[in-house]
There are 2 protein chains.
Amino acid sequence: MGYENLRHIFRPSSVAVVGASKKVEKMGYQCLKNLIEGGYEGKIYPVNPKESEILGLKCYPDVKSIPGSVDLALIVVPAKVVKDVVKRCVEKGVKGVAIISSGFSEIGNRELEEEIVKIAKEGGMPLIGPNIVGVCDTYANCNASFCQSLPYKGNIAFISQSGALAIALVGWTWIDSVGLSALASIGNMADVSFPELIEYFTEEDKNTNCICMYIEGIKKGREFMKACKNAYMRKPVVALKAGVSKRGSVATMSHTGSLAGSAEVIKAAFRQCGILEVENLQQLFDASLALSLQPPMMGENIVIITNGGGAGVCATDAAERYGIPLKDIDETLREELKKCMPEFGSPKNPVDLTGMANKEWYKSAIKTALMHKNVDGVAVLYCHTAITEPMDVANAIYDAIKESKVKKPVIVNFVGGKECTEALTWLKKNGIPSYPDPERAMYAMGTLRRYGRLLERDVEEFSSYEDVDKRRVKEIIENAGRQRLTEHEAKEIFKAYKIPVPDESVVKSEEDAVKTARELGYPVVMKVSSPDILHKSDAGCVRVNVKNDEEVRRFYKEILENAKEYSRNAEIEGILIQKMVPYGREVIIGMTRDPQFDATIMFGLGGIFVEILKDVTFRIAPVTLREALDMVKEIKGYEILKGARGEKRKDINAVAETISRISQLAIDFPEISEIDANPIFVYEKGIVAADALITLK
Amino acid sequence: MGYENLRHIFRPSSVAVVGASKKVEKMGYQCLKNLIEGGYEGKIYPVNPKESEILGLKCYPDVKSIPGSVDLALIVVPAKVVKDVVKRCVEKGVKGVAIISSGFSEIGNRELEEEIVKIAKEGGMPLIGPNIVGVCDTYANCNASFCQSLPYKGNIAFISQSGALAIALVGWTWIDSVGLSALASIGNMADVSFPELIEYFTEEDKNTNCICMYIEGIKKGREFMKACKNAYMRKPVVALKAGVSKRGSVATMSHTGSLAGSAEVIKAAFRQCGILEVENLQQLFDASLALSLQPPMMGENIVIITNGGGAGVCATDAAERYGIPLKDIDETLREELKKCMPEFGSPKNPVDLTGMANKEWYKSAIKTALMHKNVDGVAVLYCHTAITEPMDVANAIYDAIKESKVKKPVIVNFVGGKECTEALTWLKKNGIPSYPDPERAMYAMGTLRRYGRLLERDVEEFSSYEDVDKRRVKEIIENAGRQRLTEHEAKEIFKAYKIPVPDESVVKSEEDAVKTARELGYPVVMKVSSPDILHKSDAGCVRVNVKNDEEVRRFYKEILENAKEYSRNAEIEGILIQKMVPYGREVIIGMTRDPQFDATIMFGLGGIFVEILKDVTFRIAPVTLREALDMVKEIKGYEILKGARGEKRKDINAVAETISRISQLAIDFPEISEIDANPIFVYEKGIVAADALITLK
């Protein structure tokens, strides 16, 4: 389904409201009324066989009886009638349908929903919904929804998976002057879902500068990521994932019936595909507003200009919290700034113009800072005083930006009462994101910096390792004929993917054991080789530091005896004899398959780091070398790998390469359901995967 | 200075405005005007020798020429005149002064400030300021400040260390309907400071339900803590400590000249004295509003009632973030709630009345939940829909609470536009804390729970250990005659305080070394005993696991040689021979003296926990056994002490007792400036302090 067709849904030339009604309490009345009152200028066709006219418009008994062509059919009829309506829409050649009606998969009625989607798809007609509040486009004045008004106009496209929240947030856009270009409620996502909408708003909708999403659960995780990756370089993408808490994720499932992946996996996916994640509704709108109005912050130097020390301190604390700690200001700039303040002002960062600050000082200080080469963004704070009026400061800010002629982000915070609120509204109307709390302003600036960092990072596609031996892996998997591979089989697969493992072999007799041990060289490790004995140590089936022939013979017997005692029916392949590798710093790499995002890679340090501190990180496979390095660097245990406490630096590149290779293995072999390399020993040079577990589907 | 006198400042019978002016741009004009326009009903006396009448009031040349008595003198004259004015105030018998004038210690003019305070103190006259915006009492209609209006009326007493912020926040109280009983700007805190104000608002001001503070730096930390400890059991105390970031703390210092203790120490002090800390201005007011209007939440069972699944999920996530995760609802309650919703509603927590929810359902659901014995608090969420009007829901909430007749907290969130804002304002006016964002509502509820937990905890005074030998400690300190004690001296002090140390002695000859080693029993540890060699290992002056007489002799020589080589002039007391104690889990206990809070205790696990994870926690001494246990439990490494990964549980009580005893040592001996017990070995039973460092002032 191409996203191009979606313009018929958001910016239709004509809309049929199927299920329009004269009864005020009916949704079919509300929707028609909203469309008319929103000032929509295209043709509106109410459809209802029982009426001849509604709200002054001629009413049609059927979509097909409408004389002209129909771009969008807004469907508000009971669930059981929807299928028939959609069929007629296809026959009529309607270009897109939005189904407000509920009573489908959200209450278990999945079959009916699938039938309807099939009809629409065969008719080449995109379908949004069902179970939505509708769609709005503030530039087309098209309120095809039961939101009582269009959202406040602006440049944010808002996609909401919750209908009730979408309606309520339209009210919020008005009181907080958060401008939307479009609103899409996507309900059950039976056909059109996040990927198509993200693509549409990126490629087609020139009024959209920022894509903003309220997400409860994601279907088609890979397509979602692809759409975001394509979008974010051109338009920032912001998302709130609701249901991240234990209890919240349960509530989400019962709410939309969507199977949410684990919060960690979704967070990893967001990071990888360039989504700016936020934590709550206020941050969602605060961040989107800033991103829709201002350029990203391309550098780390932010300057805060304030007339109140207290607000300056609060903003400074917040800046550090949001990843943009203040730096010292250049001496040259300090000298210039001194001219914009009284004697007792401070040209240090935060720059304090003092309570005496008037509009001229504000204007010259802002302009001076913006035009200085070592400044990447400016936050302007103002505490309401009797000295200067809020609107004067607002004008000073506007003029300073205009006259500076540079493209650097400016964020504003005014603390005060009604006059401040008015000035903030004016500023937002004039393209300057403004907030009543220094914390929120700095959060917004932090987001502009996060976006800047995203744009700075190199876009790197995963390039497969060519030196891997896929045929060998295939062979091992086929020969195994079991769901769980033995340690040795798993290690053979690693070897085929050029992941270092200890020299080892499986033997079936005492004599071979001794021979192999001698070949490998003492000391060796001996373990039972059995797909049925998972916890070999617990079963008494592991012996380390085996030093000579005699020990090999003794342990050979012991291990077999213990294995039989542990599990009478275990299939025992033999004894695995391993060259004993030196002990190194332990790390763990794991792979599982998420229902929405498929192969997901986990990385962490072994021991207390993973067991007690849960110090692990995730990515969706494949993981490029650069991303793998990020993984290593973002865990707390990185300090250890870097060489803390007198230890030498470990081979971090080798760890990253191993992560990347294991991620490729997961992509190349969808039949592998789980990989667990634990522990991997990391040395000053190189790594060795000391143990490995692979499970097939 | 008794806090009782402060009522003359906040609720005076008469106010003299010294420095009143006819010139509109002067503060002396503003302040007089504000007082009149605020509706103050006591007597107002403008004082200015150059005028006979200002703003319709008879003007006096001098405080002393005022015919009646004067409760409060509000001083707005230039700094250089203030001293004289204060002198005259004392002579007149003025009951309290508030000095708005600036130009004192904040610009280095400390001497003048001290002189003025001395005069006021000798006159028994409390002095607030200088360098403030003034004080307000909304019940006395007394706006003795240059805030252009009184704050919105309510039950929060707000103490602000930032003047500009205080004025601006008065505007905020109006737009957000955050009701204040009083506002105190405290500026340089030359005389009246946090402790007196906290006491006054706790003991004297019946209109105050909650004390709320914006703090940049604290003087007299111990008095501050004492005042808060006395306050919080009766009235909740909320504080925002600004300047907690690295850069922010620098900004704070240059702003108020206050020497801020480290953020960690202040946080510890807050926790210990019952302060509810918040992170930003919005939280400061959101938390205070809830605490001023609602009872604390006494139990862990919160129920969320919503008409929108999305808002419910957001609130559920937030609840977990703020320490009040949702629990399952009782089956009995679920059955009752089912009667308050349509068939497709959900009686699970969050309770979803669905978009069809009307006011009756809201009312009965809230009432039902509130009256159920297993519910400790209710959060009501509402997304604006066409089905029910916000004001109807607001009324339903109000009625439900009234009819339920229980004292359990209720918090409200409405998401929507103007009508919602109006309903929220009405709710706040009627005693129900209400917020436009589910996140903020749950934060407020989380604060009510935090306060509930504070009230639940036993109040426990520190009771000194009687079995300690203070005389012995005194003797060691006096005999040392040095700033840095040797390890052995430090351990002798520990011993006197019943903190276990290894058996050890200092010897001065090879023969004695052998004799002592035999007595202690092999193996032993040998270290140089010198106050001048701090890093003994680095100096090659430590030998562990010394096994026999011969080794003792050899190492005796070696250590002395190495010591001399390391530092030619080091004073060498002899060789310390220690019984080698078994290795246990390492912890660290430290003591330093904070400039504001004095003796501060640090606790953490040794090794990577302290070095890489900075996993440490602080308390102000003395530390009770219960607090010490809290310290142990709040570090991440607690899992290890509890016995993770197959290890047995360590003797946590012994660790707590050691913390408590070291804290007493710090209190008993102010001449000790630093204690460092690192490492302390913790066993399944008992501990041993393997090394100790004590420094004197």
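Computed from a predicted model, the values in this text were never measured in an experiment. (Residues numbered from 1 in each chain as written. Chains lettered and ligands numbered in written order. Predicted model: local features only at pLDDT ≥ 70, side-chain atom pairs only at ≥ 80, totals over all residues. Heavy atoms only, no water.)

The helix and strand inventory of chain A stands at 24 helices and 29 strands. When the backbone C-alpha atoms are referred to their principal axes, chain A occupies close to 95 × 80 × 40 Å. Put simply, chain A has 697 residues, and 61% of those count as buried. Across chain A, every contact between residues at least 6 apart in sequence was considered, and the portion connecting residues at least 24 apart equals 71%. Carbon and sulfur atoms form 48% of the exposed surface of chain A, whose accessible area is close to 26,900 Å². Of the side-chain charges in chain A, 92 are positive and 96 negative, and the distance between the mean point of each set is 3 Å. (Helix = DSSP H or I, 4+ residues; strand = E, 2+ residues; numbered from the N terminus. Buried < 20%, exposed > 50% of the residue type's maximum accessible area, 1.4 Å probe, protein only. Contact = heavy atoms within 4.5 Å. Areas by Shrake-Rupley, 256 points an atom, 1.4 Å probe, with all protein chains shown as cover. Lys, Arg positive; Asp, Glu negative; His and termini not counted. Charge placed at Lys NZ, Arg CZ, Asp CG, Glu CD.)

The operation relating the pair of chain copies consists of a rotation about an axis and a translation along that axis. The operation relating chain A to chain B is a screw motion whose rotation component is 180°, with 0.1 Å of axial translation and a residual RMSD of 0.1 Å. Both copies are brought into coincidence by an operation consistent with a two-fold rotation axis. By residue overlap, the copies meet face to face through one surface: 100% of the interface positions of chain A are interface positions in chain B. (Least-squares fit on C-alpha atoms with pLDDT ≥ 70 in both.)

Attention shifts here to the packing of helix 3 (residues 79-92) of chain A against helix 4 (residues 110-122) of chain A. Residues and elements named next belong to chain A. Two elements in contact, helix 3 and helix 4, have axes separated by 9 Å at closest approach and are oriented at 10°. The pairing of helix 3 with helix 4 is recorded here as roughly parallel in orientation. Together, Ala79, Val82, Lys83, Val86, Lys87 and Val90 of helix 3 and Leu112, Glu115, Ile116, Ile119 and Ala120 of helix 4 make up the contact between the two elements. In terms of residue class, the contact of helix 3 with helix 4 is built from 8 nonpolar, no polar and 3 charged. (Axes fitted to C-alpha atoms, helices over the stretch in contact; angles between N-to-C directions. Parallel < 35°, antiparallel > 145°, perpendicular 65-115°, else oblique. Nonpolar A, V, L, I, M, F, W, Y, C, P; charged D, E, K, R; others polar.)

This paragraph deals with the interface of chain A and chain B. In this complex, chain A contributes 67 residues to the contact, which on the side of chain B involves 67 residues. Summed over both partners, the interface of chain A with chain B comes to about 5,200 Å²; 64% of that surface belongs to carbon and sulfur atoms. On the surface where chain A and chain B come into contact, there are 2 salt bridges. Ionic pairing is found between arginine 321 of chain A and glutamate 279 of chain B, a salt bridge with its closest N-O pair at 3.9 Å. Counting the contacts that link chain A with chain B gives 16 residue pairs in polar contact (both at pLDDT 80 or more). Among the elements that take part in the side of chain A that touches chain B, helix 11 (residues 309-321) of chain A stands out by supplying 9 residues, more than any other. Of the residues that constitute the side of chain A that touches chain B, the class distribution is 29 nonpolar, 20 polar and 18 charged. (Buried area = accessible area lost by both parts, 1.4 Å probe. Salt bridge = Lys/Arg side-chain N within 4 Å of Asp/Glu carboxyl O. Polar contact = N/O pair within 3.5 Å; in protein donor to acceptor, adjacent residues only side chain to side chain.)

The next thing to look at is the nonpolar core. Membership of the largest hydrophobic core comes to 228 residues, with the highest contact counts inside it found for Met213 and Phe224 of chain A together with Met213 and Phe224 of chain B. The contact partners of methionine 213 of chain B, leaving out residues within four places of it in the chain, are Phe158, Ile159, Phe194, Ile198, Phe224, Val237, Val238, Ala239, Leu240, Ile275 and Leu284 of chain B. By size, the runner-up hydrophobic cluster in this structure holds 108 residues, among which are Ala677 of chain A together with Ile601, Ile612 and Val632 of chain B. (Core = buried A, V, L, I, M, F, W, Y, C linked by side-chain atoms within 4.5 Å.)

A separate point is the sheet that holds strand 15 (residues 302-306) of chain A. Residue and element names in this part refer to chain A. The 5 strands lie next to each other as 16-15-17-18-19, forming an open sheet whose pairing is parallel. Each having just a single partner strand, strand 16 (351-352) and strand 19 (434-435) make up the two edges of the open sheet. Where strand 17 (residues 377-383) meets strand 18 (residues 410-415), 6 bridges bridge the pair, whose relative direction is parallel. Bridge pairing in strand 18 places alanine 379 opposite isoleucine 411. Running at roughly 165° to strand 18, helix 15 (residues 418-429) makes contact with strand 17, strand 18 and strand 19 of the sheet. (Pairing = 2+ DSSP bridges.)

In space, the 5 strands of this open sheet follow the order 2-1-5-6-7 (chain B), with parallel pairing throughout. Of all strands in the sheet, those with a lone pairing partner are strand 2 (43-47) and strand 7 (127-128) of chain B, marking the two edges.

So, about the confidence of the model for chain A. Residue and element names in this part refer to chain A. On average, residues of chain A score 93 in pLDDT, and 98% of them reach the 70 mark or higher. The low-confidence segment residues 255-260 (pLDDT under 50) makes 19 contacts with residues lying over four places distant or belonging to another chain. Overall fold confidence (pTM) sits at 0.94, and the ipTM for the predicted complex is 0.93. (pLDDT = per-residue confidence, 0-100.)

Here we take up the pairing of strand 10 (residues 153-160) of chain A. Remember that side chains alternate between the two faces of the sheet whenever the strand is regular. Residue and element names in this part refer to chain A. Taken across its 8 residues, strand 10 has 7 buried, putting it largely inside the fold. Sheet topology note: the strand 10/strand 11 (residues 180-185) ladder contains 6 bridges and is parallel. Among the inter-strand pairings, isoleucine 156 is bridged to a residue of strand 11, identified as leucine 180. Taken together, strand 10, helix 5 (residues 163-175) and strand 11 form a β-α-β motif whose crossover is right-handed. Of the strand pairs in this sheet, strand 10 and strand 12 (residues 210-215) are connected by 5 bridges, and their pairing is parallel. In the sheet register, isoleucine 156 faces strand 12, and the bridge partner there is cysteine 210. (Right-handed = clockwise from strand over helix to strand, strands pointing away.)

We now examine the environment of isoleucine 572 of chain A. All names here are of chain A. Mapped onto the fold, isoleucine 572 is located in the loop between helix 20 (549-566) and strand 23 (574-579). Spatially, the C-alpha atom of isoleucine 572 lies 8.7 Å from that of isoleucine 533, the residues being 39 residues apart in sequence. If we skip the residues at most four places from it in the chain, isoleucine 572 touches Val528, Ser529, Ser530, Leu560 and Ala563.

Turning next to the packing of helix 11 of chain A against helix 16 (residues 438-456) of chain A. Residues and elements named next belong to chain A. Between helix 11 and helix 16, whose axes approach to 8 Å, the crossing angle comes to 35°. Along this stretch, helix 11 crosses helix 16, giving a crossing that reads as right-handed. Listed contacts from helix 16 to Ala311, Cys314, Ala315, Ala318, Ala319 and Arg321 of helix 11 are Pro438, Glu439 and Met442. Each residue belonging to the contact of helix 11 with helix 16 can be placed in one class, and the counts come to 7 nonpolar, no polar and 2 charged. (Left-handed = near helix turned anticlockwise from the far one by under 90°.)

On to the pattern of salt bridges, then. Any two side chains of opposite charge can pair, on the condition that their charged atoms come close. Following the criterion strictly, the structure yields 93 salt bridges over all chains and no others. Here aspartate 176 of chain A ties to arginine 440 of chain A by a salt bridge, and the two come within 3.2 Å at their closest N and O atoms. On the criterion of sequence distance, the pair formed by aspartate 176 of chain A in the loop between helix 5 and strand 11 and arginine 440 of chain A in helix 16 is long-range, its members being 264 residues apart. Relative accessible area serves as the criterion here: at 16%, aspartate 176 of chain A is assigned to the buried category. Ionic pairing is found between arginine 453 of chain B and glutamate 300 of chain B, a salt bridge with its closest N-O pair at 3.1 Å. Taken together, the residues span a long stretch of sequence, with arginine 453 of chain B in helix 16 (residues 438-456) and glutamate 300 of chain B in the loop between helix 10 (281-293) and strand 15 (302-306) at a distance of 153 residues. Where salt bridges share partners, they join Glu487, Lys491, Glu504, Lys527 and Lys536 of chain A into one cluster.

Residues and elements named next belong to chain B. For helix 5 (residues 163-175), spanning 13 residues, the distance from its first C-alpha to its last is 19 Å, which sits close to the expected 18 Å at 1.5 Å a residue. Within the span of helix 5, buried status applies to Gly163, Leu165, Ala166, Ile167, Ala168, Leu169, Val170, Gly171, Trp172 and Thr173. Two or three places before leucine 165, at the start of helix 5, stands the capping residue serine 162, its side-chain oxygen 3.3 Å from that residue's backbone nitrogen. After helix 5 finishes, the residue serine 177 shows a positive phi value of roughly 50°. (Expected span 1.5 Å × (residues − 1).)

All right, on to a nonpolar patch on the surface then. Among the surface-exposed residues, Phe344, Met356 and Ile387 of chain A lie close enough to one another that they form a single nonpolar patch of about 320 Å² accessible area. Checked against the element boundaries, phenylalanine 344 of chain A lands in the loop between helix 12 (331-338) and strand 16. (Patch = residues over 30% accessible without salt bridge, like charges linked within 9 Å, V, L, I, M, F, W, Y side chains within 5 Å.)

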